[in-house]
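Take a look at the letters that make up each chain.
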There are 2 protein chains.
Amino acid sequence: MEITIKDVAKEAGVAISTVSKYMSGGSVRQENEVRIREAVKKLGYSPNSLARGLKRSKTFTVGLMIEAMDGPYWAKLINYLEAELQKIGYALILCCHGKSVELAREYAEYLTSQMVDGIFFAPIQEEEDYMNVPREKEIPLIALEAAKGFEVYGLVQTNYTAMAYELVENLIIKGHEKIAVIGGAPSLRSVQECMRGYMHVMEDYDIEVCREWMLYGENTRESGLEMMYRLWQAEKKPTAVFAANYYMAMGVLRAASELHIVVPDELSLAVIDDYVFSTLVPVKVTAATQPLEKISHEACRLFRESLEHPKQKRAEKVRIKGEIVPRESIAPPRDEEEE
Amino acid sequence: MEITIKDVAKEAGVAISTVSKYMSGGSVRQENEVRIREAVKKLGYSPNSLARGLKRSKTFTVGLMIEAMDGPYWAKLINYLEAELQKIGYALILCCHGKSVELAREYAEYLTSQMVDGIFFAPIQEEEDYMNVPREKEIPLIALEAAKGFEVYGLVQTNYTAMAYELVENLIIKGHEKIAVIGGAPSLRSVQECMRGYMHVMEDYDIEVCREWMLYGENTRESGLEMMYRLWQAEKKPTAVFAANYYMAMGVLRAASELHIVVPDELSLAVIDDYVFSTLVPVKVTAATQPLEKISHEACRLFRESLEHPKQKRAEKVRIKGEIVPRESIAPPRDEEEE
DNA sequence: CTGTTAGCGCGTTCAA
DNA sequence: TTGAACGCGCTAACAG
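Everything quoted here is computed from the prediction, not taken from an experiment.

Thresholds applied
Position numbers for residues start from 1 in each chain and track the written sequence from start to end. Each chain gets a letter, beginning with A, and each ligand a number, beginning with 1, in the order they are written. Confidence filtering applies because this is a predicted model: local features only for residues at pLDDT of at least 70, side-chain atom pairs given and counted only at 80 or more, and all residues used for totals across whole chains, interfaces and linings. By convention in this description, side-chain values take in all heavy atoms of the structure and omit both hydrogens and water. A cutoff of 4 Å decides nearness: a residue is near a molecule or strand if any of its heavy atoms lies inside that distance of it. Polar contact is defined as a pair of N or O atoms within 3.5 Å, subject to the rule that within protein one atom must be able to donate a hydrogen and the other to accept it, and that residues adjacent in sequence are counted only when both atoms are side-chain atoms. Per the convention used, a helix needs a DSSP run of H or I reaching at least four residues, while a strand needs a run of E reaching at least two, with both numbered from the N terminus. Only Asp, Glu, Lys and Arg are considered charged in this grouping, and only Ala, Val, Leu, Ile, Met, Phe, Trp, Tyr, Cys and Pro are considered nonpolar; every other residue, Gly among them, is considered polar. Each domain's extent was defined by an automatic or database domain assignment. Summed over both partners, the accessible area (1.4 Å probe) lost when two parts come together is defined as the buried area. Salt bridges are defined by distance alone: a side-chain nitrogen of Lys or Arg within 4 Å of a carboxyl oxygen of Asp or Glu. UniProt positions are given in the numbering used here, feature names are shortened, and annotations may be inferred rather than shown by experiment. Axis definition: a line fitted to C-alpha atoms, limited for helices to the stretch in contact. Angles are taken between N-to-C directions and run from 0 to 180 degrees. Angles below 35 degrees are treated as roughly parallel, those above 145 as roughly antiparallel, those between 65 and 115 as roughly perpendicular, and all remaining angles as oblique. Each crossing gets its handedness from the near helix: less than a right angle anticlockwise from the far helix is left-handed, clockwise is right-handed. Whether two residues are in contact is decided by their heavy atoms, any of which lying within 4.5 Å being enough. Buried residues are those whose accessible area, probed at 1.4 Å on protein chains only, stays under 20% of the maximum for their type, while exposed residues exceed 50% and partly exposed ones sit between those limits. Here a strand pair is declared whenever DSSP counts at least two bridges between the two strands. Pairing of aromatic rings covers Phe, Tyr and Trp, the last counted by its six-membered ring, and requires centre-to-centre distances within 6.5 Å; plane angles under 30 degrees mean stacked, over 60 mean edge-to-face, and any other angle means tilted. Geometrically, a charge over a ring is one whose NZ (Lys) or CZ (Arg) sits within 6 Å of the ring centre while staying within 35 degrees of the ring normal.

1. Observations concerning the protein's contact with DNA strand C
Not every one of the 23 residues close to DNA strand C is listed here, only the nearest: I5 and R52 of chain A together with R29, N32 and K55 of chain B. Here, DNA strand C places atoms within 4 Å of the protein, and 68% of those atoms are sugar or phosphate. Backbone polar atom of I5 of chain A to a phosphate oxygen of DNA strand C: 2.4 Å apart, as the coordinates give it. Breaking the surface near DNA strand C down by element, the ones donating at least two residues are α2 (16–23) and α4 (49–56) of chain A together with α2 (16–23) and α4 (49–56) of chain B. Examining the composition of the surface near DNA strand C, we find that four residues originate from one element, α4 of chain A, more than from any other. Across the surface near DNA strand C, the residue classes tally to eight nonpolar, nine polar and six charged.

So, in structure tokens, the structure goes:
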């Protein structure tokens, strides 16, 4: 760095504090305002964020701590969140800890020492005491997709229960009763909630639940494939499958292809996904999108709210559900079209 | 922030500068070392990054400026880059400007005022003069996937020409001669290079190029679908299609499904993609992955290199090609497996 | 090796 | 409104 506020003051022939006031939007004498503005432009001055942050204890910077940026979930969420923060003049520091509590703790301390104005984070499983340092410094904490309510300012999560309910209800309304559900690891909140939503709606519609049709796996395509084979090996076969996850749904469709199951004549598929679900084969699929845009919006709202309150409020919990969308489909080009 | 270096000094009964030296890894008298360490632990002290950065003109922070985090390309690249930077103790500030030159300029100035130690950026089309402010401050600039060589420290890009060459050569070796190529907008470097690589290999193998088989579109599934229809409307049909992009390849496969083209009996498909290409239908596809890991590695290497050189070196250009991989496939579960 | 001193660049008193 | 002074927390230069 070279040109400082001092240079601008000298160039404009005013005191440093006058320039400071001007730069912060304060009112200055007309005459000085002009001189300062011209000096700023001439020298190409822009205030040093570090010095400013140091002095004001405000950096207009937030941290985001996640496991990693694989899959589309975090990529899309970050995209929305970044846009949201941009509107209110905040920048984002990205920290991927890869599930390492140690690394997470280091990042948390780093962000604290950077004096970020807030931290968004997705807790590692049940753990989150690695956030103690920023918590003690009273940096607003926003938990994303946490399993339980931690001691944070706010918490935003997908309401999988409601989504599962709606999605399965959708199948029921279409006449299905033999509905299987396949989920990932039973330790995951998303899977637990999907199962709960499934149970609820089946109860509400007085449909008997077949335990063999509630399968747990791994949220991978391979797992989905395997579960389909397992379902189709049994005597009683379902007419619809609810996959809690995009990748599993891919496995389901792949299995359908290999087992020569016709979708949706013999099988209907419902899925909750981060993508807008789309396949190559022309099948009818009911999809519910992850409410990523809403989640980031709510997270940002909570953050803004936290800026106004002086002290940390306890865990305001916001649960959001996505919407059911018709499967995205691409139409073959029409003949009428000129070439 | 509350506890400062001053508190630690008082607690340990030494001078501030002694603590400073200790915190920066300098050697201190054994006796003092112990006292300082205990004071640090007792008070939970950690140095303020802002003050430190302000003083040393070094923040251990870099900026990354891209258009947006849609698609898997940037998501994956960021993931690799973050990991790479993490190793050398750097944090990443993410800035998405959405192709707005104005916003990009603001971000560039912001990062400069943040005194980042370097900026990675993907230039907006041919423009990039919005990077003038950081350039004047001699902040190392690393351009990613730029179309031409700007005035930067380093430039890393995918070598699409080589990838296209290899991929098409692969088809030729398998006996194909009637090979079509479909790409996105002709203004894109990636598309231009794909076409060039295609031309080169066809020339090298003395195969006549049919102009009607070189189609430009939009890097979307819809576009791929449409192009396939166009190809199949003609008299002469290709036996292989090289899609420059994952989405277009999806369109091709969808079209194949609708036009009842059997892949790979009637048609072979080659594709350059960011994902590891995988489809639902069990078709043989040759895919070449984007060299995202290498790109981020090289970008980080250039950055590290720039830290040693005092002044900015001019545009070292690194071109990297990905590798051809067999299509990822998932096997159906074996019967031998116990259930 | 230690302590004192002088800033890094800025915002914020206070008096004028 | 303005300008001089001081301090944010830290490091670097110097003297002891």
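2. Considering the domain arrangement of chain A
Residue and element names in this part refer to chain A. Domain assignment breaks chain A into domain 1 (1–47), domain 2 (53–152) and domain 3 (160–290 + 324–338). When the two sides are added together, the surface that domain 2 and domain 3 hide from each other amounts to roughly 580 Å², 50% of it contributed by carbon and sulfur. When residues of domain 2 are sorted by the area they lose upon contact with domain 3, P72, Y73 and E145 head the list and together hold 60% of the total. If you look at where domain 2 meets domain 3, you find one salt bridge. Across the domain 2-domain 3 interface, the total number found is two residue pairs in polar contact (both at pLDDT 80 or more). For the side of domain 2 that touches domain 3, the class distribution of residues is four nonpolar, one polar and two charged.

3. Side note on the environment of V34 of chain A
With respect to the secondary-structure elements, V34 of chain A resides in helix α3 (residues 30–43). When the C-alpha atoms of V34 of chain A and Q114 of chain A are compared, they prove to be 35 Å apart, with 80 residues separating the residues in sequence.

4. With respect to the protein's contact with DNA strand D
Around DNA strand D sit 24 residues in total, of which S17 and N32 of chain A together with I5, Y45 and R52 of chain B are the nearest. Taken together, the sugar and phosphate atoms account for 71% of what DNA strand D places within 4 Å of the protein. The contact in question runs from a base nitrogen of DNA strand D to an N or O atom on the side chain of S17 of chain A, over 2.6 Å. Elements supplying a minimum of two residues to the surface near DNA strand D: α2 and α4 of chain A together with α2 and α4 of chain B. Top contributing element to the surface near DNA strand D by residue count: α4 of chain B, with four residues.

5. Section: unusual backbone geometry
All names here are of chain A. For M115, which is not a glycine, the phi torsion comes out positive at approximately 55°. In this structure, E138 is a non-glycine residue whose phi angle is positive, near 60°. Looking at the element boundaries, E138 is found in the loop between α7 (132–136) and β4 (141–144).

6. Here's the deal with the UniProt feature "domain: HTH lacI-type" (unreviewed entry) in chain A
Residues given the UniProt feature "domain: HTH lacI-type" (unreviewed entry) here are residues 3–56 of chain A. Within residues 3–56 of chain A, the helical portion is 70% and the strand portion 0%, while the C-alpha atoms at the span's ends are 21 Å from each other.

7. Quick word on the packing of helix α5 (residues 71–87) of chain A against helix α12 (residues 292–308) of chain A
Each pair of packed helices gets described by two things: the angle between the helix axes and the distance between those axes. All names here are of chain A. Their axes nearest at 9 Å, the elements α5 and α12 cross at an angle of 45°. Here α12 runs oblique to α5, going by the angle between their axes. As α5 packs across α12, the resulting crossing turns out to be right-handed. Within the contact between the two elements, α5 uses Y73, K76, L77, Y80, L81, E84 and L85 and α12 uses L292, E293, I295, S296, H297, C300 and F303.

8. Describing the pairing of strand β2 (residues 91–96) of chain B
In terms of burial, β2 of chain B is largely enclosed, as six of its six residues are buried. Alternating positions in β2 of chain B separate into two faces, A91, I93 and C95 of chain B on one and L92, L94 and C96 of chain B on the other, with burial throughout. Taken together, the three bridges between strand β2 (residues 91–96) of chain A and β2 of chain B define a ladder with antiparallel strand orientation. Looking across to β2 of chain B, one finds that L92 of chain A is bridged to L94 of chain B.

9. Some thoughts on the pattern of salt bridges
Using the criterion set out here, one finds 34 salt bridges over all chains in the structure. In this structure, the salt-bridge partner of R29 of chain B is E31 of chain B, at a minimum N-O distance of 4.0 Å. Residue classification places E31 of chain B among the partly exposed residues on the basis of a relative accessible area of 47%. With a shortest N-O distance of 3.8 Å, R105 of chain B and D129 of chain B are connected by a salt bridge. Taken together, the residues R105 of chain B in helix α6 (residues 101–113) and D129 of chain B in the loop between β3 (118–121) and α7 (132–136) connect sequence positions 24 residues apart. For R105 of chain B, a relative accessible area of 26% corresponds to the partly exposed category. With relative accessibility at 33%, the residue D129 of chain B sits in the partly exposed group. Shared partners join several salt bridges into a network, and the residues in it are E145, R189, E193 and R319 of chain A.

10. Considerations on the side chain of E193 of chain B
All names here are of chain B. Assignment of secondary structure puts E193 in helix α9 (residues 189–204). Of note is the side chain of E193, whose polar atom sits 3.2 Å from the backbone nitrogen of T161. In this structure the side chain of E193 is engaged in a polar contact, spanning 2.9 Å, whose partner is the side chain of R319. Beyond its immediate stretch of four places on either side in the chain, E193 contacts Q157, T158, N159, Y160, T161, A164 and R319.

11. A closer look at the sheet that holds strand β6 (residues 179–183) of chain B
All names here are of chain B. Judged by pairing direction, the sheet is mixed, and its six strands sit side by side in the order β7-β6-β8-β9-β10-β12 without closing on themselves. Of all the strands in the sheet, just β7 (214–216) and β12 (324–326) have a single pairing partner and so form its edges. Geometrically, the sheet is characterised by an average inter-axis angle of 20° between neighbouring strands, direction not taken into account. Sheet analysis places β6 next to strand β8 (residues 240–243), joined by four bridges and oriented parallel. Note that in β8 the partner of A180 across the bridge is V241.

12. Description of the packing of aromatic side chains
Here the structure, examined in full by the defined rule, presents ten aromatic pairs over all chains. Between F60 of chain A and Y90 of chain A the ring centres are 5.1 Å apart and the planes differ by 50°, which places this aromatic pair in the tilted class. Remark: Y90 of chain A occurs in the loop between α5 and β2 and F60 of chain A occurs in the loop between α4 and β1 (61–66); sequence separation between them is 30 residues. Under the relative-accessibility criterion, F60 of chain A is labelled partly exposed at 32%. Using a relative accessible area of 6% as the deciding quantity, one classes Y90 of chain A as buried. Between the aromatic rings of Y246 of chain B and Y247 of chain B, the centroid separation amounts to 5.4 Å while the plane-to-plane angle is 80°, which identifies the pairing as edge-to-face. Taken together, F60, Y90, F120 and F303 of chain A form an aromatic cluster joined through their ring pairs. In this structure, K236 of chain B packs its charged tip against the face of W213 of chain B, placed 5.3 Å from the ring centre.

13. Focus on the pairing of strand β5 (residues 154–158) of chain B
Residue and element names in this part refer to chain B. With five of five residues buried, β5 is to be regarded as a mostly interior element. Alternating positions in β5 separate into two faces, G154, V156 and T158 on one and L155 and Q157 on the other, with burial throughout. In this structure, strand β4 (residues 141–144) lies alongside β5, joined through three bridges in parallel fashion. Of the residues in β5, the one forming a bridge with L144 is V156. Pairing of β5 with strand β11 (residues 316–320), which is carried by five bridges, proceeds in the parallel orientation. Paired with Q157 across the bridge in β11 is R319.

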